[in-house]
Structures are given as C-alpha cells and as structure tokens.
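Examination of the molecular architecture
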Amino acid sequence: MKNNLQLTDDGRLRHLLTLDGLPARILTQILDTAASFVAVGERDVKSVPLLRGKAVFNVFFENSTRTRTTFEIAAKRLSADVVNLNVGSSSQSKGETLLDTVANLSAMHADMFVVRHAAAGAAHLIARHVAPHIHVVNAGDGRSSHPTQGLLDMFTIRHFKGGFHNLRVAIVGDVLHSRVARSQIHGLTTLGCPEVRVVAPKTLLPRDVDNLGVHVYHRMDQGLKDVDVVMMLRLQNERMQGARLPSAGEFYKHWGLTVDKLRFAKPDAIVMHPGPMNRGVEIDSEVADGPQAVILSQVTFGIAVRMAVMSILAGN
Ligand code: NCD
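Fair warning: this is a prediction, and the values are worked out from it, not measured in the lab.

**Quick notes on the pairing of strand β3 (residues 112-117)**
With 6 of its 6 residues buried, β3 lies for the most part within the structure. Burial along β3 is two-sided: Met-112, Val-114 and Arg-116 and Phe-113, Val-115 and His-117, pointing in opposite directions, are all buried. Both strand β1 (residues 55-60) and β3 contribute to a ladder of 5 bridges, which runs parallel. The residue of β3 that forms the bridge with Val-59 is Val-115. For the handedness criterion, the β-α-β arrangement of β3, helix α5 (residues 122-129) and strand β4 (residues 135-141) is classed as right-handed.

**Some points on the domain arrangement of the protein**
Bring the parts together and some accessible area is lost; that lost area is often taken as the interface size. Domain boundaries in the protein define domain 1 (2-144 + 299-313) and domain 2 (147-295). Put simply, the middle of domain 1 and the middle of domain 2, counted by C-alpha atoms, are 25 Å apart. Taken residue by residue, the interface counts 34 residues in domain 1 and 27 residues in domain 2. Summing both sides of the interface, domain 1 and domain 2 together bury roughly 2,500 Å²; the carbon and sulfur share of this comes to 64%. Of all residues in domain 1, the largest losses of buried area upon contact with domain 2 belong to Leu-19, Leu-31 and Arg-143, amounting jointly to 31% of the total for that side.

**Considering the site of the ligand**
In the region of the ligand, the neighbouring residues are Thr-67, Arg-116, His-146, Gln-149, Arg-179, Val-180, Arg-234, Gln-236, Pro-274, Gly-275 and Pro-276. Gln-149 places a polar side-chain atom, nitrogen or oxygen, 3.2 Å from a nitrogen atom of the ligand. A distance of 2.7 Å separates an oxygen atom of the ligand from a polar atom in the side chain of Arg-234. Bound to the protein, the ligand loses 94% of the 320 Å² it would expose on its own. For the shell around the ligand, the residue count by class is 3 nonpolar, 5 polar and 3 charged.

**Brief notes about the sheet that holds strand β8 (residues 229-232)**
A sheet is described by the order of its strands in space; here 5 strands give the open sequence β7-β6-β5-β8-β9, paired in parallel fashion. With partners counted over all chains shown, the strands left at the sheet margins are β7 (215-217) and β9 (270-272), one partner each. Each adjacent strand pair in this sheet contributes to an overall mean axis angle of 20°, direction not counted. Bridge count between strand β5 (residues 168-172) and strand β6 (residues 195-199): 5 bridges; the pairing is parallel. When the bridges of β6 are listed, Ala-170 appears paired with Arg-197. Along the sheet, helix α7 (residues 179-190) makes contact with β5, β6 and β8, crossing β5 at roughly 170°.

**Quick word on the nonpolar core**
Residues Leu-13, Leu-151, Ile-157, Ile-171, Leu-188, Met-231 and Met-310 are the most contacted members of the largest nonpolar core, which totals 64 residues. Here this core takes 10 residues from helix α12 (residues 295-315), the largest share from any one element. Taken domain by domain, this core gets at least three of its residues from each of domain 1 (2-144 + 299-313) and domain 2 (147-295). With near-sequence residues (within four places) excluded, Leu-151 lies in contact with Leu-16, Leu-19, Leu-27, Ile-30, Leu-31, Val-305 and Val-309. Leu-204, Val-227, Leu-262 and Ala-288 belong to the second largest nonpolar core, which has 24 residues in total.

**A look at the environment of Thr-69**
Inspection of the secondary structure puts Thr-69 in helix α3 (residues 66-77). Taking relative accessible area as the criterion, Thr-69 reaches 32% and is therefore assigned partly exposed. Here the alpha-carbon distance between Thr-69 and Ala-170, two residues 101 residues apart in the chain, equals 28 Å. A distance of 2.5 Å separates a polar atom in the side chain of Thr-69 from the backbone oxygen of Thr-65.

**Some words on the environment of Gly-280**
Tracing the backbone through its elements, the reader meets Gly-280 in the loop between β9 and α11 (285-288). Separated by 269 residues in sequence, Gly-280 and Gly-11 place their C-alpha atoms 45 Å apart.

**Focus: the sheet that holds β1**
Spatially, the 4 strands line up as an open sheet ordered β2-β1-β3-β4, and their pairing is parallel. Strands with a single pairing partner mark the edges of an open sheet, and in this sheet they are β2 (81-86) and β4. Sheet twist, expressed as the average angle between the axes of neighbouring strands with direction ignored, equals 15°.

Conventions and cut-offs
- Going along each chain's sequence as written, the residues are numbered from 1 onward.
- The model is predicted, so local features are restricted to residues of pLDDT at least 70 and side-chain atom pairs to those at 80 or more, both for listing and for counting; the totals for chains, interfaces and linings are taken over all residues.
- Values reported for side chains reflect all heavy atoms of the structure, with hydrogen atoms and water molecules removed beforehand.
- Between buried and exposed lies partly exposed: a residue is buried under 20% and exposed over 50% of the maximum accessible area for its type, with that area taken using a 1.4 Å probe on protein chains only.
- The way it works is that DSSP assigns letters per residue, a run of H or I at least four long becomes a helix, a run of E at least two long becomes a strand, and they are numbered from the N terminus.
- By definition, two strands form a pair when at least two bridges between them are found by DSSP.
- Orienting the strands away from the viewer, one traces the path from the first strand over the helix to the second; a clockwise path indicates a right-handed crossover.
- Domain extents, as shown, originate in an automatic or database domain assignment.
- Contacts were defined at the residue level, with two residues in contact if any of their heavy atoms lie within 4.5 Å.
- Buried area is a sum: the accessible area each of two parts loses on coming together, probed at 1.4 Å, counted once for each and added.
- In these notes, residues near a molecule or strand are those with any non-hydrogen atom within 4 Å of it.
- Pairs of N or O atoms within 3.5 Å make up the polar contacts considered here, provided that, within protein, one atom can donate a hydrogen while the other can accept it, and that residues adjacent in sequence are counted only when both atoms are side-chain atoms.
- Reported accessibility uses the Shrake-Rupley method at a 1.4 Å probe radius. Residues are deemed covered only where the shown protein chains occlude them.
- The nonpolar class holds Ala, Val, Leu, Ile, Met, Phe, Trp, Tyr, Cys and Pro. Asp, Glu, Lys and Arg form the charged class, and all remaining residues, Gly among them, are polar.
- Axis definition: a line fitted to C-alpha atoms, limited for helices to the stretch in contact. Angles are taken between N-to-C directions and run from 0 to 180 degrees.
- Nonpolar cores are built from buried Ala, Val, Leu, Ile, Met, Phe, Trp, Tyr and Cys residues. Side-chain atoms within 4.5 Å join them into one set.

Next up, the structure:
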C-alpha cells in the first residue's frame, strides 16, 4: 500500500513518504544523484535549472531548523520558486483543515509540497488527495518517518565508509520517539547493512522493535563494541507523556556519548547526530566537536540529497 502511493505503475518515485518498503534501486538512485549535486554546492554558481518554473511549497506545521532551510536551499539551487508557509500564522490556527489548506495552496499552482507535521501519516493523507502532477515529500511526520533524514544519513555513511556491506552500526538513545531512527533502520537494512543495533533503555524502545530486524542492546559498552558508525538520537522530551526517564543527568550518565564510551567502538568509527543536539544530555561536547564527528557533514550533504529527491520527483 505504501509503495502504491509512493511509486508510479512503472516503478518510479511519485512521492517520498517513507523509506519503509522503498526498493534499494530507488534509494541508490537518490544517493547517486545526490553525489552529482555535491559538486554544484562547491561551485561559484550554485544553481542548476532543473526545477525552473516549478513552485515548491515548504509547509511546516512543526518546528525545524536544518530540514526546512536545507529544503529551501535545495529548491533554490534547482531554480524553483520556493514558498515557506509559516503555519503559526496560517489559517490552521483559525480552524481550517489540513486538506483545505493544501487545496488552497494547490489552487496557487503548487508543483510540490514538502510537509512536516506532528501527526503520523499527514504526508500520506496529502499525497492521497493532491492532483496527479503534484509531488509530496515527507519532511517528518510524528514518530513515524523522516525519509530525507534517513537518506542523508545513508549518504554520509556511504561517503565516509564506502558502502554498507561490512558495517556494524549502532543507533543510540530515544528510539521510541524517533522518526529518524525508523528511517535510518529501513535505509540501512534495505541497503544491505548486515548488523544494525539499537542501544537504549527498555523504556525508550518501541513495542515493535523485535519486528524491525535490529539487534537490541541495553548497555553502551556492549552496544558500541566494535561498531563502525554511532548514530546518536536526541532525547525528545516534547514527545514524552509522563516520566519515562530519571533525569537528563541520569540519562547522560548511562547513555550519553562521552569520549570514554566512544572507545568501545572501532577507533575509526564515525559519530552522527541528526540535530538538534542536546550537549551534556545525549552527547558530550568533546565528542560532538571531536575528530570522529561528521555531524556538520550530514547537514551539508542534506542539501544535495534533497536536491536529488526533488529533481527525481519532478523528472518523473
Ligand atoms: C529531527 C526531527 O525533527 O525529527 N531533526 C531533524 O530533522 N534533523 C530529530 C529531532 O528532532 O531530534
């Protein structure tokens, strides 16, 4: 069902809603296309005309720093007209439904919607209702998925590690509330990573963790042992109902990534974080700013990856 909505009858990408069920062929096409766009960002003239004359609407119902701005830069580098909808001041606060908002933006000749919403399935809902020529990109829906973050993480791993087939990867922290973790897991398993671990306290793991094809660890020394990649997650307090955890200090003591804990990983392991980071909660500054961190590279690669997604969609 997911695939039917995302792919055309002849197997091309129509919307990007989730990495769950998306074939490796499509993921690789996006990563390869992104590789060709990395150089564009390093040129004096940073734009290409692939989306000239197209209108991209960034519709964000939830806060965002990196995702919204890199989607905007990516669309501009493709020469699209970009509109950023400030939802706080939009008609939603006056009671307009999500689909009415989208219908009105469609009436303004939108060609693409990039949507972030607190409700899981919001981008799917929009994709089911837009006209056939309009493409929808999910920029994060609830705890469900964040496919472009998953893809830029895959791009970063491929860049620094050369591929996925011999890797041991640990995803650490608040997996329960993380749409990023879900997209990372689907990306890694689809691209052939043989060992994906999640390292978290029992209270921060989703109930369906056993169906995700990952190895579960509850201790950092065991979970990080000999891994090639450490992917940290933010402790998402805003998504927690009730106290599931002791305190930020307690969390840091057991699960925060310090230089000492990073020593359990391979000496050349890379450290990733989707941002925003909580220094001193899930990650220590010495690690975040240290030689193994590739956190800012993730941000830069995010532009090329989002250019790739938008150009592939518009090309289809
Ligand atoms: C993430 C998100 O919003 O899902 N941030 C991001 O897009 N880079 C992760 C988070 O909020 O912790």
